[in-house]
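Here's the letter readout for the chains.
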Amino acid sequence: MHRHYRIAVESVCMAAILLGLLGRRGESSEPEDARFSFGVIADIQHADKANVGTRHYRESLDLLKKCVADLGQRKLSFVIELGDIVDGNETLDRTQADLNRVLSVLDPLAGKLHHVLGNHCMNAGREYVLKRYGLERGYYDFVPQGIKGWRMVVLDGNDAGYGVIGREQLDWLRRTLARAEAQGERVLLFCHFAVAQEAAAHHRLNQPEPLKQILAESPCVVAYLAGHDHQGGYAEKDGLYHVTVQAMVDASAKNAFGVVHVYDDRLVLEGIGDVPSRTMKLRAAAQKKAG
């Protein structure tokens, strides 16, 4: 009798331990030694309309719900969506309704969510989109709460035309990066459009050279994350990592998004679904400046 009682008690204790471990993992699966982590989503491109090819406009909303549920369980400093939150519908009203539908799904991430303007976002009207995002303009920078030594810079790849960054924004970027370098900050740069052909074989900025020149002169920038090219891509050029995140609208049932874990010496992209995982070692010059 005592033996059966002991076995039962041990089983209950083991179950409690396992549940406790699972509970902690459910709250956060982020590595404790990372400086910070953030979620990244590209090209949700939702629309209440029929599919075209591999683009499942209605189904992308269900994938986004699963994505938000996953990211909501993690200890993330922020989440950024890389543009083309909607595709565009038959009328402006329907496109804006699509946008609001997506934002309602993203609402649990409010307070942590940052947006990048994509070309399809413009189908809902630039001013309308900016107002819904709470932005005065499409380019801006921010520092995650409680994080030192890192700055996030968001670009608007459409402010001077489709896939074109205007002179005023480029001047602002030069000043922002110069200030970051002077303060010993490393920079992660986000734009809807990739700049390197090696990281996006089909779709990039239409006028990439001015931005390429700025990046070549700014060693504080360690990674450039983009969307737009739905197949995704990756390249490393002179210590700068170019990551094009696969589109959610084209994803299989496994989904497509990622979580980036930021360390002092590397970035680790934890890919989910169609997004591959990668480890990117940071160049020594940037490490020295931040140290």
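A.B. asks: Account for the environment of alanine 42, with residues named and values stated.
C.D. replies: Among the structural elements, alanine 42 can be located in the loop between strand S1 (36–41) and helix H2 (60–72). C-alpha separation for the pair alanine 42 and valine 249, spaced 207 residues apart in sequence, amounts to 8.7 Å. Setting aside residues no more than four positions away along its own chain, alanine 42 makes contact with Leu82, Gly83, Gly227, Val245, Gln246, Ala247 and Met248.

A.B. asks: Residue-level account of the sheet that holds strand S10 (residues 256–262), with values.
C.D. replies: The mixed open sheet is built from six strands, whose spatial order is S3-S2-S1-S10-S11-S12. Each edge of the sheet is formed by a strand with only one pairing partner; in this case those strands are strand S3 (113–115) and strand S12 (278–281). Across the sheet, the mean angle from the axis of one strand to that of its neighbour is 20 degrees, orientation sign disregarded. Sheet analysis places strand S2 (residues 78–81) next to S3, joined by three bridges and oriented parallel. Within the sheet, the bridge partner assigned to valine 79 lies in S3 and is leucine 113.

A.B. asks: Account for the pattern of salt bridges, naming residues and giving values.
C.D. replies: Inspection of every chain in the model, using the stated rule, returns 16 salt bridges. Across the pair aspartate 141 and arginine 179 runs a salt bridge, and its minimum N-O distance is 3.8 Å. Taken as a pair, aspartate 141 in strand S4 (residues 140–142) and arginine 179 in helix H5 (residues 167–182) lie far apart in primary sequence, 38 residues in all. With its nearest N and O atoms 3.5 Å apart, the salt bridge here joins glutamate 198 to lysine 237. Taken as a pair, glutamate 198 in the loop between strand S6 (186–190) and helix H6 (209–216) and lysine 237 in strand S8 (residues 233–237) lie far apart in primary sequence, 39 residues in all. On the basis of relative accessibility, which here comes to 49%, the residue glutamate 198 falls in the partly exposed class. Bridged by salt links that share partners, the residues Asp141, Arg151, Arg179 and Glu185 form one connected network.

Conventions and cut-offs
- Residues numbered from 1 in each chain as written.
- Predicted model: local features only at pLDDT ≥ 70, side-chain atom pairs only at ≥ 80, totals over all residues.
- Heavy atoms only, no water.
- Helix = DSSP H or I, 4+ residues; strand = E, 2+ residues; numbered from the N terminus.
- Contact = heavy atoms within 4.5 Å.
- Pairing = 2+ DSSP bridges.
- Axes fitted to C-alpha atoms, helices over the stretch in contact; angles between N-to-C directions.
- Salt bridge = Lys/Arg side-chain N within 4 Å of Asp/Glu carboxyl O.
- Buried < 20%, exposed > 50% of the residue type's maximum accessible area, 1.4 Å probe, protein only.

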